[in-house]
Amino acid sequence: MTSAVLPPRLPATPWGQLPPRLNVLFIRGPRRTGGWLAEAFAADSASEILLVERAGLAAGLAALRDEAYDAVLVSQEADQLDALDLLDTIRAGSRDDQPIVVLGEEEEADMAALCFEAGADAYVCLRTATTRSLLYQVARAVERHQLLSENRRLKQSRQTQRENEQKEAERQIEALIQGAAVGELDQRLEAEQFEGFAGNVAAGINDLLDAVVSPMKETGEIVQSLADGDLTRNVEG
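Residues numbered from 1 in each chain as written. Predicted model: local features only at pLDDT ≥ 70, side-chain atom pairs only at ≥ 80, totals over all residues. Heavy atoms only, no water.

Thoughts on the pairing of strand β5 (residues 100–104)
Thinking step 1. Where burial is concerned, most of β5 is hidden: five out of the five residues are buried.
Thinking step 2. Pairing analysis gives four bridges linking strand β4 (residues 71–75) to β5, with the strands arranged parallel. Paired with Val72 across the two strands is Ile100, which belongs to β5.
Thinking step 3. Note that the unit made of β5, helix α4 (residues 108–118) and strand β6 (residues 122–125) has a crossover that is right-handed. (Buried < 20%, exposed > 50% of the residue type's maximum accessible area, 1.4 Å probe, protein only. Helix = DSSP H or I, 4+ residues; strand = E, 2+ residues; numbered from the N terminus. Pairing = 2+ DSSP bridges. Right-handed = clockwise from strand over helix to strand, strands pointing away.)

So, in structure tokens, the structure goes:
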């Protein structure tokens, strides 16, 4: 079990996709230690990477329960550590927001689809991949989950906004009804407070009230004029 803080070193071509700092968990089996990975990241990454290494499924899951990581690298080691089983366990634990890249020696054609179906963001064949391609896959996984997280945040924010608009519309309609019951016909809904369907409904209710209330008020004024003996008033519509 090791942890190493790796100082940043600018590559020949700046990446620009990785965050300035990354907290990365490497879950490995007994055959593949993380020393080579630490050296690779140190040699070719513009980010400061904290690489946390855990051996075995149980230790890896415990690390995920205890701390949040920017990305997780899982070593596929045949009979020693089955990355697909680990992925199923991680996703079953509601960690679908965790960027995960699987590392192995099998061909990508054999493993990529299986890993994706199990919940990984990418599979990297270590026999053919370069450090740059590994970093690229990590960057893509991190960016993808950042976008998913932002999408969920915006969706939740929009849902909250709609719920607040609905409550406010209900409050204003209730006040409108109570006012009309006591003869206060000049109240209107504040349509500009609402968006979309709620705004259209509020504007429609206001237009309906304007169309109904104005003739009613005019009729009332004429009736009052007749009661006062003024027979010159006409309904103008």
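Focus: α4
Thinking step 1. Three or more residues of α4 are buried, namely Met111, Cys115 and Ala118. Projection of α4 onto a plane perpendicular to its axis shows the buried side chains occupying an angular sector of 60°, all on one side. What points out from α4, more than 90 degrees from its buried face, is the exposed set Ala109, Phe116 and Glu117.
Thinking step 2. At the exit of α4 stands Gly119, carrying a positive phi of roughly 115°. (Arc of directions from axis to C-beta.)

Comments concerning the confidence of the model for the chain
Thinking step 1. Here the chain shows a mean pLDDT of 79. Residues at 70 or above account for 80%.
Thinking step 2. Under a pLDDT of 50 for its full length, residues 8–16 has, in the predicted model, 20 contacts with residues more than four places off or in other chains. (pLDDT = per-residue confidence, 0-100. Contact = heavy atoms within 4.5 Å.)

Quick word on the nonpolar core
Thinking step 1. Within the largest apolar cluster, 22 residues are counted, with the highest numbers of intra-cluster contacts made by Leu25, Tyr69, Val72 and Val102.
Thinking step 2. Those elements that provide at least two residues to this core are β2 (21–28), α2 (57–66), β4, α3 (83–92), β5, α4 and β6.
Thinking step 3. With four residues, the single largest contributor to this core is α3.
Thinking step 4. Residues in contact with Leu25, not counting those within four places in the same chain, are Val52, Arg54, Gly60, Ala63, Leu64, Tyr69, Ala71, Val72 and Leu73.
Thinking step 5. One finds Val24, Ala38, Val101 and Ala141 within the second-largest nonpolar core, a separate group that totals 19 residues. (Core = buried A, V, L, I, M, F, W, Y, C linked by side-chain atoms within 4.5 Å.)

Some thoughts on the packing of α3 against α4
Thinking step 1. Across the interface, α3 lies against α4 with an axial gap of 9 Å and an inter-helix angle of 20°. Relative to α4, α3 is oriented roughly parallel. Crossing angle aside, the handedness with which α3 passes α4 is right-handed. Residue-level inspection shows Leu84, Leu87, Asp88 and Arg91 of α3 in contact with α4, the latter providing Leu114, Cys115 and Ala118. (Axes fitted to C-alpha atoms, helices over the stretch in contact; angles between N-to-C directions. Parallel < 35°, antiparallel > 145°, perpendicular 65-115°, else oblique. Left-handed = near helix turned anticlockwise from the far one by under 90°.)

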